[in-house]
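For reference, the chains in residue letters:
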Number of protein chains: 2
Amino acid sequence: MNDLKSKATIYDVAKLAGFSAATVSLALSGSPKIKESTKEKIRNAAGKLKYQPNFLARGLVKQETKTICLIIPDNLNPVFAEITQGVEHFAYGRGYSIILCITNEDAQREKFYLEIMRNNRADGLLVFPTFFPVVQEEALRLRASNVPFVIVGRRIEGMDSDYVAINLESGGYKAADFLIKLGHKKIGIIYGVANPDLGKSRLEGFKRAFLENGLHFRTDFVKGCGYRIHDGYKVAKELLSNKDRPTALFAINDLLAIGALKAVKELGLKVPDDISIVGFDDIEFASYSDPPLTTVSLKEKEMGKTAVEMLIDRIENTSADSKRGAILIEPELIVRDSCAEII
Amino acid sequence: MNDLKSKATIYDVAKLAGFSAATVSLALSGSPKIKESTKEKIRNAAGKLKYQPNFLARGLVKQETKTICLIIPDNLNPVFAEITQGVEHFAYGRGYSIILCITNEDAQREKFYLEIMRNNRADGLLVFPTFFPVVQEEALRLRASNVPFVIVGRRIEGMDSDYVAINLESGGYKAADFLIKLGHKKIGIIYGVANPDLGKSRLEGFKRAFLENGLHFRTDFVKGCGYRIHDGYKVAKELLSNKDRPTALFAINDLLAIGALKAVKELGLKVPDDISIVGFDDIEFASYSDPPLTTVSLKEKEMGKTAVEMLIDRIENTSADSKRGAILIEPELIVRDSCAEII
DNA sequence: TATTATAATTAAACCGATTAAATGAATGAT
DNA sequence: ATCATTCATTTAATCGGTTTAATTATAATA
């Protein structure tokens, strides 16, 4: 290749340095077999040509890409944005790149990505699942193809796989218990999820708190909707315009809670004096809303880190079928100023 | 390969279907040379084996990866999170995947990613630059290696390349002009940037508005800091505890403005009655803050889409050195409730 | 039936690296 | 001087696809 407008290959380096391609490969990977003086010459030549080893060629023979595929539902949601950031960060620290797939809460796309990723493009997958049956089905193929993967963020009931998840049931319980202890009995639930599987655990925990406190759980206070700020705003208005109005709102994520906050204000009510609000996720904005939001922390950073570590260990440990890693992180209630006692 | 725990190759498909690898390749790519009946048989065999063509092998011969590398500073900032989302979305629409690199506002990492990406891992790059000299230097190598790239978000003065940017100077001007027309003369500037290059244009536009309105621009009201919510909070407090206190604040991004909002409240002042605030970026939260924030829209979605289109056109049009694409998007002032007239 | 044209398939080269095995040169022992 | 070692480098196979050119099978024509 004497074409200046092109990438230098290992053969170009070999020719310039006066050695064979094999020697160049060995030298650049620091093999002790190669004399220091020739290593030096080869490094010079490589530097002169701005040589970068072809990723595809190397990957093909080494059967590895040093790449992790991360599948998330939606990067506009700060929860996933944070996970993405964390995953990229820790992966980088261990020499891995990440290829980002955003499903947009669409089952087709989730399936597509899970399918295509059996093509040796990545050494392993990190999946934040949205449609549980889709993931369960594709997981079988991934395993048959020997592609390591770790489920992140949510536990899929009855599925045997590595996972790093949050105990959402417990999170729901903590939120409800907190409100109940403050004297609330009528709590509206803003149930904004892409599919019913997703909110289930939180809701179950919520119910459990009612039962354990000897209260009746009112299902007519549970209102389903989308998962964006705007949806929380709309549903909060509905719930609060009820004649038998709740005294508190629990939003299944912080985005919804922030929308609800705005709705409450527009109705001329005050948070927390008239209405208490609890969110879920503890996104950065939750502490900058007015008032700062009481919420349940998801510990995304810890989750991202743990998941990356687990996946890379799985990738690098040839011990194929060692027992599954299963980590269930305990969420934490973050008390700020959006809740008050009922008097 | 009769190892069940492994990926099927084209040879496995060939054997099962009773044809050669070449025929399989041709058949699966829909070549008209292959009889329909054998195509059918081959598709069946491929389906039975859950065959996925090896990405690396294919990439190596076709000299393409259908992958775009996106380099951004920080996925926690909603501006970049939105760009990432948009880029992924439109890239997917054209059959490309994205590999995400987050520099964390670190020059070393920005350089590292720009360097490594000359290794045939991606067909082109989308770069949201942070350290202009780094990018300029690496850009030369990218061009020498014939790797297409598009600069996104910011225009680098004096650099000849494809770009899709926002006219930040004009954005700064619009923000200032708006405040000045409301009667403000003392405006504090929260200048939270990772490096001085970044805020320059916005500041220049801001100054220009002062000059054109016959006002004196006070540099002692410009306070540098980091670029996160917390920094805006801190600096706003400083600016407002001055005896000669500004009547308005301009934050160089919305995150800082949201921090400032909190600071103003804590000081017992009211927005907009006592202090007007203008942000920059128009992130989703800007319309849900209290009060909703007047800000300058960056049009990330448009930017992401345009940049992807431009890059893919560059990648796919063999016409190597056609003239550069240069798009400067005009930002828009979004007026909400965080500013009031001076009386 | 022989010949030619055309359709369908395959052999073989290639992409650019890595690596096991082979070769060659230098050193040391006898 | 001869042979065994050790050290340094190279040859050649390989990874799993795609694609061009060659080959074989089939159909059309004389």
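Our subject is the structure listed above.
Residues numbered from 1 in each chain as written. Chains lettered and ligands numbered in written order. Predicted model: local features only at pLDDT ≥ 70, side-chain atom pairs only at ≥ 80, totals over all residues. Heavy atoms only, no water.

## Observations concerning the interface of chain A and chain B
Put simply, the rule is: We call two residues in contact whenever any of their non-hydrogen atoms come within 4.5 Å of each other. Buried area: the sum, over both parts, of the accessible surface (1.4 Å probe) that disappears when the two are put together. Definition used for salt bridges: Asp or Glu carboxyl oxygen within 4 Å of a side-chain nitrogen of Lys or Arg. Residues adjacent in sequence count toward polar contacts only when both atoms are side-chain atoms; beyond that, a polar contact is any pair of N or O atoms within 3.5 Å, and within protein one must be able to donate a hydrogen and the other to accept it. Each helix corresponds to a stretch of at least 4 residues labelled H or I by DSSP, and each strand to a stretch of at least 2 residues labelled E; elements are numbered beginning at the N terminus. If DSSP finds at least two bridges between two strands, the strands pair.
Taken residue by residue, the interface counts 63 residues in chain A and 63 residues in chain B. In total, chain A and chain B occlude about 6000 Å² of area from one another, counting both sides; carbon and sulfur atoms represent 54% of this. Seen at the junction of chain A and chain B, the total is four salt bridges. Put simply, Lys265(B) and Asp290(A) hold a salt bridge, and the shortest N to O gap is 3.5 Å. Across the chain A-chain B interface, the total number found is 32 residue pairs in polar contact (both at pLDDT 80 or more). Among the secondary structure elements, those contributing two or more residues to the side of chain A that touches chain B are α4 (55-62), α5 (78-93), β2 (97-102), α6 (107-116), α7 (132-144), α10 (229-240) and α11 (254-266) of chain A. For the side of chain A that touches chain B, the element with the highest residue contribution is α5(A), accounting for eight residues. Bridge count between β2(A) and strand β2 (residues 97-102) of chain B: three bridges; the pairing is antiparallel. Among the inter-strand pairings, Leu100(A) is bridged to a residue of β2(B), identified as Ile98(B).

## Quick word on the protein's contact with DNA strand D
Threshold: One heavy atom within 4 Å of a molecule or strand makes the whole residue count as near it. Gly is placed with the polar residues, together with every amino acid not listed as nonpolar (Ala, Val, Leu, Ile, Met, Phe, Trp, Tyr, Cys and Pro) or charged (Asp, Glu, Lys and Arg).
Residues in close proximity to DNA strand D total 25 residues, the closest being Thr23(A), Thr38(A), Ile10(B), Ser25(B) and Val61(B). By atom count, sugar and phosphate contribute 68% of the portion of DNA strand D lying within 4 Å of the protein. For DNA strand D, a sugar or linking oxygen lies 3.3 Å from a polar atom in the backbone of Asn54(B). For DNA strand D, a phosphate oxygen lies 2.9 Å from a polar atom in the side chain of Arg58(B). Looking at the surface near DNA strand D, the elements with two or more residues in it are α2 (21-28) and α4 of chain A together with α1 (10-17), α2 (21-28) and α4 (55-62) of chain B. Here the surface near DNA strand D takes four residues from α4(B), the largest share from any one element. Taken together, the residues that form the surface near DNA strand D break down as 14 nonpolar, seven polar and four charged.

## Notes on the relation of the copies chain A and chain B
Basically, it comes down to this: In this comparison the copies share one frame, found by least squares on the C-alpha atoms of residues holding pLDDT of at least 70 in both.
Expressed as a screw operation, the relation of chain A to chain B combines 0.0 Å of axial shift with a rotation of 180 degrees, fitting to an RMSD of 0.1 Å. Here the two chains are linked by the operation of a two-fold rotation axis. In terms of C-alpha distance to the rotation axis, chain A has Ile99(A) as its closest residue, with the C-alpha 2.1 Å off the axis. Taken together, the interface assignments show that 100% of the residues at the interface of chain A recur at the interface of chain B, consistent with an identical surface on both copies.

## A look at the pattern of salt bridges
Oppositely charged side chains may form a pair once their charged atoms are brought near each other. What counts is decided by this rule: Whether a residue is buried, partly exposed or exposed follows from its accessible area with a 1.4 Å probe, protein chains only, as a fraction of its type maximum: under 20%, in between, or over 50%, in that order.
Under the definition given, this model contains 52 salt bridges over all chains. Between Glu316(B) and Arg94(B) there is a salt bridge, with its nearest N and O atoms 3.5 Å apart. Taken together, the residues span a long stretch of sequence, with Glu316(B) in helix α12 (residues 300-316) and Arg94(B) in the loop between α5 (78-93) and β2 at a distance of 222 residues. With relative accessibility at 29%, the residue Arg94(B) sits in the partly exposed group. Within this structure, Lys66(A), Arg94(A), Lys305(A), Glu309(A), Asp313(A) and Glu316(A) form a network of salt bridges that share partners.

## Observations concerning the protein's contact with DNA strand C
In the region of DNA strand C, 26 residues are neighbours, and Ile10(A), Ser25(A), Asn54(A), Thr23(B) and Thr38(B) sit closest. For DNA strand C, the fraction of protein-proximal atoms (within 4 Å) that sit in sugar or phosphate groups is 71%. Measuring from a phosphate oxygen of DNA strand C, one finds a side-chain N or O atom of Ser25(A) at 2.3 Å. For DNA strand C, a phosphate oxygen lies 3.5 Å from a polar atom in the side chain of Thr38(B). Here the element with the most residues in the surface near DNA strand C is α4(A); it accounts for four residues. Its residues assigned to classes, the surface near DNA strand C shows 14 nonpolar, eight polar and four charged.

Worth remembering: the numbers are spatial, not functional.
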